[in-house]
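# Tertiary structure, described
What follows is the residue order along each chain.
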Amino acid sequence: MEVQIFGTKKCKDTQKALRFFKERRIKVHFVDLNERAASSGELRRFEQKFGVEALLDRDSKRFRDRGLHVAHLPEPRILPLLTDDPLLLRTPLVRNGNQLSLGLAETTWKEWTKSGS
């Protein structure tokens, strides 16, 4: 089993995800969104499962700093915005093969480790 985690080193939930898999000796490929953005294809995969609105972290400091909290943001504009500015993503985004999770999802991760997929 190997997981891919998208997030930032400063994000508490991303740190928890990294620790969760490390404690279980599961190989992790970490993508730091400060250094490299997720590809639009990767983001589309998460969008199909959770919806584009769920990917956008409206509570983040970055969202407020960009003035987006006062703007009406139609759904068709969200994915391009997240591709251009990955720090607006709700993190961590975790992928285990074709299985996906968004945010802190320890229950889901435990299911993955039980099935060993």
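Going along each chain's sequence as written, the residues are numbered from 1 onward. The model is predicted, so local features are restricted to residues of pLDDT at least 70 and side-chain atom pairs to those at 80 or more, both for listing and for counting; the totals for chains, interfaces and linings are taken over all residues. Only hydrogens and water are set aside when side-chain values are computed; all heavy atoms of the structure are taken into account.

### What to know about the overall build of the protein
Secondary structure elements follow DSSP: runs of H or I no shorter than four residues count as helices, runs of E no shorter than two count as strands, and numbering proceeds from the N terminus. Of regular secondary structure, the protein possesses six helices and four strands. Secondary structure elements of the protein occur, N-terminal to C-terminal, as β-α-β-α-α-α-α-β-β-α. Taken over the C-alpha trace, the protein has a radius of gyration of 14 Å; the compact-globule value for 117 residues is 13 Å, and the two agree within 12%. Along the first, second and third principal axes, the C-alpha set of the protein runs to 45 × 25 × 25 Å. Exposure is judged per residue with a 1.4 Å probe applied to protein chains only, and the accessible area is read against the type maximum: over 50% gives exposed, under 20% gives buried, and values in between give partly exposed. Residue burial in the protein is summarised as follows: out of 117 residues, 41% are buried. A fraction of 64% describes how many contacts in the protein between residues 6 or more apart in sequence connect residues 24 or more apart. One way to put it: in the protein the 23 positive side-chain charges average out to a point 4 Å from where the 16 negative ones average out. Values of the radius of gyration come from C-alpha atoms, whereas the globule rule sets the reference at 2.2 Å times the count of residues to the power 0.38. Contacts are assigned to residue pairs that have any heavy atoms within 4.5 Å of one another. Positive: Lys, Arg. Negative: Asp, Glu. His and the chain ends are not part of the count. The atoms used to mark charge sites are NZ of Lys, CZ of Arg, CG of Asp and CD of Glu.

### What about the nonpolar core?
Within the largest apolar cluster, 21 residues are counted, with the highest numbers of intra-cluster contacts made by Leu82 and Leu93. At the level of elements, helix H2 (40-50), helix H3 (52-55), helix H5 (75-84) and strand S4 (99-102) are the ones that each hand at least two residues to this core. When residues of this core are assigned to their parent elements, the largest contribution, four residues, is made by H5. The residues touching leucine 82, leaving out its near neighbours within four places in the chain, are Leu43, Leu55, Leu56, Leu88 and Leu89. Joining through side-chain atoms within 4.5 Å is the link that ties buried Ala, Val, Leu, Ile, Met, Phe, Trp, Tyr and Cys residues into a set, and such a set is a nonpolar core.

### Notes on H2
Of the residues making up H2, those classed as buried are Glu42, Leu43 and Phe46. Along the axis of H2, the buried positions cluster into a sector of 95°, meaning they face one direction only. Contacts made by the buried residues of H2 are with strand S1 (2-7), H3, H5, strand S3 (93-96) and S4. Just beyond H2, the residue with positive phi is glycine 51, at close to 90°. Here the arc refers to the directions that run from the helix axis out to each C-beta atom.

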